[in-house]
Number of protein chains: 2
Amino acid sequence: MLKPAQTQVPIVDIIALRWSARAIDPNRSVAHENLLALLEAARWAPSCYGEQPWRYLLWDRLHDPDGWEQAFDCLSEGNKVWVKNAPVLMLSVAAPVFRTTGKPNRWSQHDTGAASENLCLQATALGLVAHQMGGFDAAKAKECFAIPDDYVCMAMIAIGHPAHPSLLEGELRSREEAPRERLPLGECFFQGAWGKGIV
Amino acid sequence: MLKPAQTQVPIVDIIALRWSARAIDPNRSVAHENLLALLEAARWAPSCYGEQPWRYLLWDRLHDPDGWEQAFDCLSEGNKVWVKNAPVLMLSVAAPVFRTTGKPNRWSQHDTGAASENLCLQATALGLVAHQMGGFDAAKAKECFAIPDDYVCMAMIAIGHPAHPSLLEGELRSREEAPRERLPLGECFFQGAWGKGIV
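Residues numbered from 1 in each chain as written. Chains lettered and ligands numbered in written order. Predicted model: local features only at pLDDT ≥ 70, side-chain atom pairs only at ≥ 80, totals over all residues.

## Quick notes on the overall build of chain A
- Within chain A one finds eight helices and five strands.
- The helix and strand sequence of chain A, counted from the amino end, reads α-α-β-α-α-β-α-β-α-β-α-α-β.
- Against the compact-globule benchmark of 16 Å for 199 residues, chain A has a radius of gyration of 18 Å, which places it among compact chains.
- With respect to the principal axes defined by its C-alpha atoms, chain A has extents near 55 × 50 × 30 Å.
- The contacts in chain A between residues at least 6 apart in sequence include a share of 73% that link residues at least 24 apart. (Helix = DSSP H or I, 4+ residues; strand = E, 2+ residues; numbered from the N terminus. Rg over C-alpha atoms; globule rule 2.2 N^0.38 Å. Contact = placed C-beta atoms within 7 Å.)

Structure representation (structure tokens):
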């Protein structure tokens, strides 16, 4: 389903076309080459002092069904309903400190978000769904996968090929078919002074 | 200057071509339509519960030289050396709480990073430089521009048209001409288990 962003001026296609679909084809795995493209896109995101403070864990159901299941078990019940069809799961994690100095990196989560956006845009370009979720048990994920204490789990990401919205039921289907929405530009983007919406 | 990312598999052009240049043409302003495109790209980034927890302040030297100067004065001395040529400055800011519930939004900085990456990629597509910086006085910026206490200043962003690296001197010029580098893929991207680098 195409739900292009409604914008005042044209923007890049993959940015306009990226959205967080939930209808994922349960019968198609994702080629390893495509997964590598998602990771390479994330890898080349910008970061403060070039720190690259992001870490990603990936589980491919085809090759590692047990790992995939463990990751899946960390999701909220609401997400499990549709993520069950996703052949690949990822988890984005922010590193706490700068590698060279050991000092706290206050841009770590920010930069991880940038890397994940690259990943999602690359997925869009490849005709894949990449849907980030905050609804998961981060403490459980850290324990399951021995993620060091001071790292911060940011998002689980469901990845796969899109399917028809009719794969979903009820509320999930309605949300899949609803138009995408954003606040008016001037609510979040200010010119010259705080709160002075740009026009 | 083109310094495309070196990747194992092809990735989207604008992701491969985006980099944080410092040589900016002091004689070219940025069309308002192009600035709107940068903001629209940011606006359509994904965010947890669709919260859009990012805020951006923009100063266009052409129309608001005093505001631009105030923003410029918040930069570190090292950044001032090259940012002096940038016709437009922006500041990305992360909102602290969810708009509906008033509860802390732990994805706020992460999502702001995603929005800024969209902005930078849109700049790349338009042939513009968008260079994010952590080197600025956030407390000073908050005071100057009456940014509410609980908001978090993330990055100043220098925006303009690219110039030849010869505009820069010494160390800055060397960095401009040096190849871009990233850690090997397996250092940050793991398959199935923490620390098990993907191949």
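## So, the relation of the copies chain A and chain B
- Once chain A has been moved 0.0 Å along the axis and rotated by 180°, it coincides with chain B to within an RMSD of 0.0 Å. Here the transformation between the copies is reduced to the relation of a two-fold axis.
- Most of the interface of chain A is mirrored in chain B: 100% of its interface residues are interface residues there too. (Least-squares fit on C-alpha atoms with pLDDT ≥ 70 in both.)

## Digging into the interface of chain A and chain B
- Of the residues lining the interface, 62 residues belong to chain A; the matching set on chain B comes to 62 residues.
- Taken together, the elements giving at least two residues each to the side of chain A that touches chain B come down to helix 1 (13–17), helix 2 (32–43), strand 1 (54–60), helix 5 (108–125), helix 8 (185–188) and strand 5 (189–191) of chain A.
- Top element by residues in the side of chain A that touches chain B is helix 5 of chain A. It accounts for 13 residues.
- Across three bridges, the pairing between strand 1 of chain A and strand 5 (residues 189–191) of chain B is parallel. Paired with L58 of chain A across the two strands is Q191 of chain B, which belongs to strand 5 of chain B. (Pairing = 2+ DSSP bridges.)

## Re the sheet that holds strand 3 (residues 129–133) of chain A
- Spatial ordering of the open sheet is given by 3(A)-4(A)-2(A)-1(A)-5(B), a layout of five strands whose pairing is mixed. Unpaired on one side and paired on the other, strand 3 of chain A together with strand 5 of chain B mark the two borders of the sheet. Ignoring strand direction, the axes of neighbouring strands in this sheet form an average angle of 25°. (Axes fitted to C-alpha atoms, helices over the stretch in contact; angles between N-to-C directions.)

## Structural notes on the nonpolar core
- Judged by nonpolar contacts, the single largest core of 132 residues is most densely connected at Y56, L89 and I159 of chain A together with Y56, L89 and I159 of chain B.
- Aside from chain neighbours lying at most four places away, what touches Y56 of chain A is L39, A42, M90, L91 and S92 of chain A together with C188, F189 and F190 of chain B. (Core = buried A, V, L, I, M, F, W, Y, C linked by C-beta atoms within 7 Å. Buried ≥ 20, exposed ≤ 12 C-beta atoms within 10 Å, placed from the backbone.)

## Side note on the pairing of strand 4 (residues 152–160) of chain A
Residues and elements named next belong to chain A.
- Among the nine residues that make up strand 4, eight are buried, leaving the element largely enclosed by the rest of the structure.
- Looking at chain direction, strand 2 (residues 88–94) and strand 4 are connected through seven bridges and run antiparallel. Looking across to strand 4, one finds that A94 is bridged to V152.
- Alignment of strand 3 against strand 4, held across five bridges, turns out to be antiparallel. From the neighbouring strand, H131 faces strand 4, where its bridge partner is A158.

## Some words on the sheet that holds strand 5 of chain A
- Taken together, five strands build an open sheet; the order of strands is 5(A)-1(B)-2(B)-4(B)-3(B) and the sheet is mixed. In this open sheet, the two strands that pair with only one neighbour each are strand 5 of chain A together with strand 3 (129–133) of chain B. In this sheet, neighbouring strand axes are inclined to one another by 25° on average, regardless of whether the strands run parallel or antiparallel.

## Notes on the confidence of the model for chain A
- Here chain A shows a mean pLDDT of 97. Residues at 70 or above account for 100%.
- Reported confidence for the predicted complex is 0.98 by ipTM and 0.98 by pTM. (pLDDT = per-residue confidence, 0-100.)

## Concerning the environment of F72 of chain A
- Here F72 of chain A is to be found in helix 3 (residues 65–72).
- The contact partners of F72 of chain A, leaving out residues within four places of it in the chain, are K80, V83 and L89 of chain A.

## With respect to the packing of helix 5 of chain A against helix 5 (residues 108–125) of chain B
- Relative orientation of the contacting elements helix 5 of chain A and helix 5 of chain B amounts to 50°, with a least axis distance of 6 Å. One element, helix 5 of chain A, and the other, helix 5 of chain B, form an angle in the oblique class. The chirality of how helix 5 of chain A crosses helix 5 of chain B is right-handed. On helix 5 of chain B, the residues that touch Q109, H110, D111, T112, G113, A114, S116, E117 and N118 of chain A of helix 5 of chain A are Q109, H110, D111, T112, G113, A114, S116, E117 and N118 of chain B. (Parallel < 35°, antiparallel > 145°, perpendicular 65-115°, else oblique. Left-handed = near helix turned anticlockwise from the far one by under 90°.)

## Regarding helix 5 of chain B
All names here are of chain B.
- Here helix 5 contains 18 residues, and its C-alpha end-to-end distance of 26 Å stays within 8% of the 26 Å for a straight helix at 1.5 Å per residue.
- Counting buried residues in helix 5 gives 17 out of 18 residues, a clear majority hidden from the surface.
- Phi turns positive, to about 75°, at G127, one or two residues after helix 5. (Expected span 1.5 Å × (residues − 1).)

## Section: the packing of helix 2 (residues 32–43) of chain B against helix 5 of chain B
Residue and element names in this part refer to chain B.
- In contact at an axis separation of 7 Å, helix 2 and helix 5 are set at 145° when each is read in the N-to-C sense. Crossing geometry of helix 2 relative to helix 5 is assigned as right-handed. Residues A37, L38, A41 and A42 of helix 2 form the contact with helix 5, whose participating residues are A115, S116, N118, L119, L121, Q122 and A123.

## Here we look at unusual backbone geometry
- Its identity as a non-glycine residue notwithstanding, Q52 of chain A has a phi of 55°, on the positive side.
- Considering the arrangement of structural elements, one finds Q52 of chain A in the loop between helix 2 and strand 1.
- According to the C-beta neighbour criterion, Q52 of chain A is buried, with 23 such atoms within 10 Å.
- For Y49 of chain B, which is not glycine, the phi dihedral falls at a positive 55°.
- Examined against the element boundaries, Y49 of chain B turns out to sit in the loop between helix 2 and strand 1 (54–60).
- On the neighbour-count criterion, Y49 of chain B (15 C-beta atoms within 10 Å) is partly exposed.

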